[in-house]
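So you can see what is in the structure, the chains are spelled out below.
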Amino acid sequence: MSAETTTSDTTDLNGYVIRENQDITARPDLARTTGRVTPTRTRRPVYLDMLPPCNAGCPAGENIQEWLRLIKAHEEEKAWRQLTADNPFPAIHGRVCYHPCEVACNRADLDGAVSIHSVERYLGDLGIEKGWKFTKPTEPSGHRVLVIGAGPAGLSAAYHLAMLGHDVEIHDAGDKVGGMMRYGIPEYRLPREVLDAEVARLTDLGIKIVLNHPVNDLMEEKAKGRFDAVFVAIGAHLSKRVDIPTVDASRMVDAVSFLHNVAAGEKPIIGRRVAVYGGGNTAMDAARVAKRLGAEESIVVYRRTAEQMPAHAEERKEAEREGVQMNWLRTITDVGDDLTVEVMELDEDGKPHGTGRYEKLEADTVILAVGQDADTSFLHKMPGMRFRNDVVDVNPSTLMTDVPGIFAGGDTVPSERTVTIGVGHGKRAARQIDLWLNRETAYPSPRNTTVGFTDLNLWYFGDHGRRHQPELDPTQRIGFAEVIGGLGDQQAHFEAERCLSCGNCFECDGCLGACPEDAIIKLGEGHRYQFDYDKCTGCGACAEQCPVHAIQMIPEDTLIESIQGAGNPTAGWAVRPTPNPVRSAQAKFKLVEKN
């Protein structure tokens, strides 16, 4: 008992002693007490709309989490329209995209990433089956835009420009639409009827496509057609040269021409043994096509190791499953009756160097797949245009060149060369062209914080293994029939249900049940919740239990209106204002390393 504490004893009518002031601690100062819950609330919760890692990882800028949510709700057409608002080719992308969204998916660290690409393919195929069409804009803008190239970037830009009300015309040197989607990706990966069905929707929008029309003078083309702006999106159709001594050049063919000719219906004679020189995705495609054309042996010769190979791992694995052999740390030095290859070794920096040791390989045909260039020679006539090797320098934000009104994207600019990146460039360029035509300026908005694996409360989610697509057995992959099949309705919906809804409320009622003060109001399906701050004590129970990290506690004196995202119809909704360096996408990798 404190020395300052005094007692005064009295006796009641029954003889019991009543001792006043029996406290063994001093009375608290209620005005100054701090802790989890205090007489004066010092913090309060706000709902967040954060950035899911799948959305952040998509080069086409799709709102993946939202269209997955709509599939969960069995609103497939709404999901398709949400998806195609960003990417007009879901059936194509569901087949050929290398799905970086799945690499970023937080569920990968739980029981396997959501198979986003297979659900996207499901939606795309469903759209073709149901005959869903794009809705034409009702008010034309009065502007005309020329697009050079009918590949993924050009077609994407044309679609988004048309949806903005512009009159769009595409000029392409090929005899069919699609660019490298048609002539670079084999049919066993992308059936041509799928490509044609999704491209047909663009012509239904009124987009004019002029084929067999190479452009030699861009400014003359622009003036003749009275175009207000131009988007250049030519593909990388020129194979890079490599100097290899040979006595019979007819035995050597570049991979781009080889794949193009096969896609055009030709059946080149390649013999029983084929060697493919290179290590990229084009090399894998060429080696697999060679097997389908009857080659008994298809060998990839690559000067580095498997880990250094630029081809995506799944492409290499599929090639090996089909019988393609990999010859690592080898480089071709001579093509005679046989191939002469030099054995390479890596130095301490991981760079290959010749060892002076040589081997012989039998090969009837050598396919060169050492990279591609874009043919931008027609742009060199334009004063003020700057180049970096075979590509055009552009403003990375607007994709406009140094020549006003001339934009470029896809393989024409410095970038990784994939279908999805090209489609993303087309969308961005269309929006920037629209702003430029209307003499408007876009100001970049802050990017929301991405939700990391350690942000989530995983107790809520059980183990639900990823559904796998059916595929042809390697022994049956003789012709060009599609190798990988699609998910059925039940499988696709199950896979969509596996989405964790990272960073965005999905109305699980967890906060509603956790609040001890009944300070959370449920607003009805689709409208989420609202905080009753008159009842809230700031205990934080709602935030601590939220499975998806959609609630955050903020200091009491912080105005919700000052937080980015204020103004949403639901009171208390906000977007997380600043990144948390502890809770980041990198944290999940650190967690894995510790384990």
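Draft legend 1. Broad picture of the sheet that holds strand β13 (residues 330-335). With respect to topology, three strands assemble into an open sheet ordered β13-β14-β15, the strand pairing being antiparallel. Two strands close off the open sheet at either side, each with one partner strand: β13 and β15 (352-361). On average, each strand axis in the sheet is tilted by 30° relative to the strand beside it, whichever way the strands run.

Draft legend 2. View of a nonpolar patch on the surface. A surface patch of nonpolar side chains, amounting to about 330 Å² of accessible area, comprises Trp459, Tyr460 and Phe506. Note that phenylalanine 506 resides in the loop between α15 (489-497) and α16 (510-514). Phenylalanine 506 gets classed as partly exposed once you look at its relative accessible area, which sits at 30%.

Draft legend 3. Spotlight on the pairing of strand β4 (residues 144-148). A large share of β4 lies buried, amounting to four of its five residues. Here β4 pairs with strand β5 (residues 167-171) via five bridges, running parallel. Counted as the bridge partner of valine 145 is valine 168 from β5. Once the chain exits β4 it traverses helix α7 (residues 152-163) before rejoining the sheet at β5, and the crossover so formed is right-handed.

Draft legend 4. Structural view of the sheet that holds strand β6 (residues 208-210). Pairing in this open sheet of five strands is parallel, and the strands run β6-β5-β4-β7-β20 from one edge to the other. Edge positions in the sheet fall to β6 and β20 (406-408), since each of these pairs with one other strand and no more. The mean angle between the axes of side-by-side strands here comes to 20°, regardless of whether they run parallel or antiparallel. Packing against the sheet, helix α14 (residues 419-437) makes contact with β4, β7 (229-232) and β20, and its axis sits at approximately 165° to β7.

Draft legend 5. View of the packing of aromatic side chains. One pass over the full model with this rule turns up eleven aromatic pairs. The interplanar angle of 50° and the centroid separation of 4.7 Å between the aromatic rings of phenylalanine 134 and tyrosine 159 together place this pair among those described as tilted. Linking phenylalanine 134 in the loop between α6 (116-130) and β4 with tyrosine 159 in helix α7, this pair joins segments that are 25 residues apart in sequence. Here the aromatic rings of tyrosine 460 and phenylalanine 461 are separated by 5.2 Å at their centres, their planes lie at 75°, and the arrangement is edge-to-face. Take tyrosine 460: its relative accessible area is 35%, and that puts it in the partly exposed class. Three or more aromatic residues joined by ring pairs form one cluster here, namely Tyr47, Tyr529, Phe531 and Tyr533. Looking at arginine 201, its charged tip hangs above the ring of phenylalanine 134, at a distance of 5.8 Å from the centre. The lysine or arginine in question, arginine 292, covers the ring of tyrosine 188, its NZ or CZ lying 3.8 Å from the ring centre.

Draft legend 6. α6, seen in detail. Counted at 1.5 Å a residue, the expected span for α6 with its 15 residues is 21 Å, and the 21 Å between its end C-alpha atoms agrees. Most of α6 is tucked away, with eleven of its 15 residues classed as buried. Looking at α6, one finds that the buried residues are Ile116, His117, Ser118, Val119, Glu120, Arg121, Tyr122, Leu123, Gly124, Leu126 and Gly127. Downstream of α6 by a residue or two, glycine 131 has a phi angle that is positive, lying close to 75°.

Draft legend 7. View of the nonpolar core. In this structure, Trp67, Ile148, Leu155, Leu218, Phe231 and Val232 are the most contacted members of the largest nonpolar core, which totals 81 residues. Ranked by residue count, the leading element in this core is α7, at seven residues. Every residue in contact with isoleucine 148, bar those within four places of it in the chain, is listed here: His171, Val215, Leu218, Val230, Phe231, Val232, Ala233, Ile234 and Phe378. Counting residues in each nonpolar core, the second largest holds 27 residues, with Ile520, Cys536, Ala543 and Cys546 among its members.

Draft legend 8. Just the state of the cysteines, in detail. Across all of its chains, the model carries zero disulfides by this definition. There is no disulfide at cysteine 54, and the cysteine sulfur nearest it, in cysteine 499, is 6.0 Å away. Cysteine 511 supplies the cysteine sulfur nearest to cysteine 505, a cysteine that is in no disulfide, at a spacing of 6.3 Å.

Draft legend 9. Representation of α7 within the structure. Compared with an ideal rise of 1.5 Å per residue, which puts twelve residues at 16 Å, α7 spans 17 Å between its outermost C-alpha atoms and is within 8% of the ideal. Most of α7 is tucked away, with eleven of its twelve residues classed as buried. Pro152, Ala153, Gly154, Leu155, Ser156, Ala157, Ala158, Tyr159, His160, Leu161 and Ala162 are the residues of α7 that are buried. A positive phi of about 95° marks glycine 165, the residue just after α7.

Draft legend 10. Layout of the side chain of glutamate 169. With respect to the helices and strands, glutamate 169 occurs in strand β5. The class for glutamate 169 is buried, based on a relative accessible area of 12%. Of note is the side chain of glutamate 169, whose polar atom sits 2.7 Å from the side chain of histidine 171. Among residues more than four places away in sequence, those in contact with glutamate 169 are Arg144, Val145, Leu146, Val147, Lys208, Val210 and Phe227.

Draft legend 11. Expanded view of unusual backbone geometry. Residue serine 501 is not a glycine yet carries a positive backbone phi of 55°. Within the element layout of this structure, serine 501 appears in the loop between α15 and α16. Given a relative accessible area of 7%, serine 501 falls into the buried group. Backbone geometry places aspartate 509, a non-glycine residue, at a positive phi of 70°. With respect to the helices and strands, aspartate 509 occurs in the loop between α15 and α16.

Draft legend 12. Representation of the pairing of strand β3 (residues 43-48) in the model. Of all six residues making up β3, five are buried, and the element is well covered by its neighbours. In terms of strand pairing, β3 meets strand β23 (residues 551-555) through five bridges, oriented antiparallel. Directly across from tyrosine 47, in β23, lies its bridge partner isoleucine 551.

Draft legend 13. Up close: the environment of glutamate 318. Relative to the helices and strands, glutamate 318 is located in helix α13 (residues 313-321). As for glutamate 318 and aspartate 285, which are separated by 33 residues in sequence, their C-alpha atoms are 10.0 Å apart. Not counting the four nearest positions on each side in its chain, glutamate 318 is found in contact with Arg288, Glu471 and Arg477. A polar side-chain atom of glutamate 318 sits 3.3 Å from a polar atom in the side chain of arginine 321.

Draft legend 14. Representation of the packing of helix α2 (residues 64-72) against α6 within the structure. Their axes nearest at 11 Å, the elements α2 and α6 cross at an angle of 60°. Considering their axes alone, α2 and α6 lie oblique with respect to each other. With respect to the hand of their crossing, α2 and α6 are arranged in left-handed fashion. Residues Ile64, Trp67, Leu68 and Ile71 of α2 touch α6, and the partners they reach there are Ile116, Val119, Glu120 and Leu123. For the contact of α2 with α6, the residue count by class is seven nonpolar, no polar and one charged.

Thresholds applied
- Residues numbered from 1 in each chain as written.
- Predicted model: local features only at pLDDT ≥ 70, side-chain atom pairs only at ≥ 80, totals over all residues.
- Heavy atoms only, no water.
- Pairing = 2+ DSSP bridges.
- Helix = DSSP H or I, 4+ residues; strand = E, 2+ residues; numbered from the N terminus.
- Axes fitted to C-alpha atoms, helices over the stretch in contact; angles between N-to-C directions.
- Patch = residues over 30% accessible without salt bridge, like charges linked within 9 Å, V, L, I, M, F, W, Y side chains within 5 Å.
- Areas by Shrake-Rupley, 256 points an atom, 1.4 Å probe, with all protein chains shown as cover.
- Salt bridge = Lys/Arg side-chain N within 4 Å of Asp/Glu carboxyl O.
- Buried < 20%, exposed > 50% of the residue type's maximum accessible area, 1.4 Å probe, protein only.
- Right-handed = clockwise from strand over helix to strand, strands pointing away.
- Contact = heavy atoms within 4.5 Å.
- Phe/Tyr/Trp six-rings, centres within 6.5 Å; stacked < 30°, edge-to-face > 60°.
- Lys NZ or Arg CZ within 6 Å of the ring centre and 35° of its normal.
- Expected span 1.5 Å × (residues − 1).
- Core = buried A, V, L, I, M, F, W, Y, C linked by side-chain atoms within 4.5 Å.
- Disulfide = S-S within 2.5 Å.
- Polar contact = N/O pair within 3.5 Å; in protein donor to acceptor, adjacent residues only side chain to side chain.
- Parallel < 35°, antiparallel > 145°, perpendicular 65-115°, else oblique.
- Left-handed = near helix turned anticlockwise from the far one by under 90°.
- Nonpolar A, V, L, I, M, F, W, Y, C, P; charged D, E, K, R; others polar.

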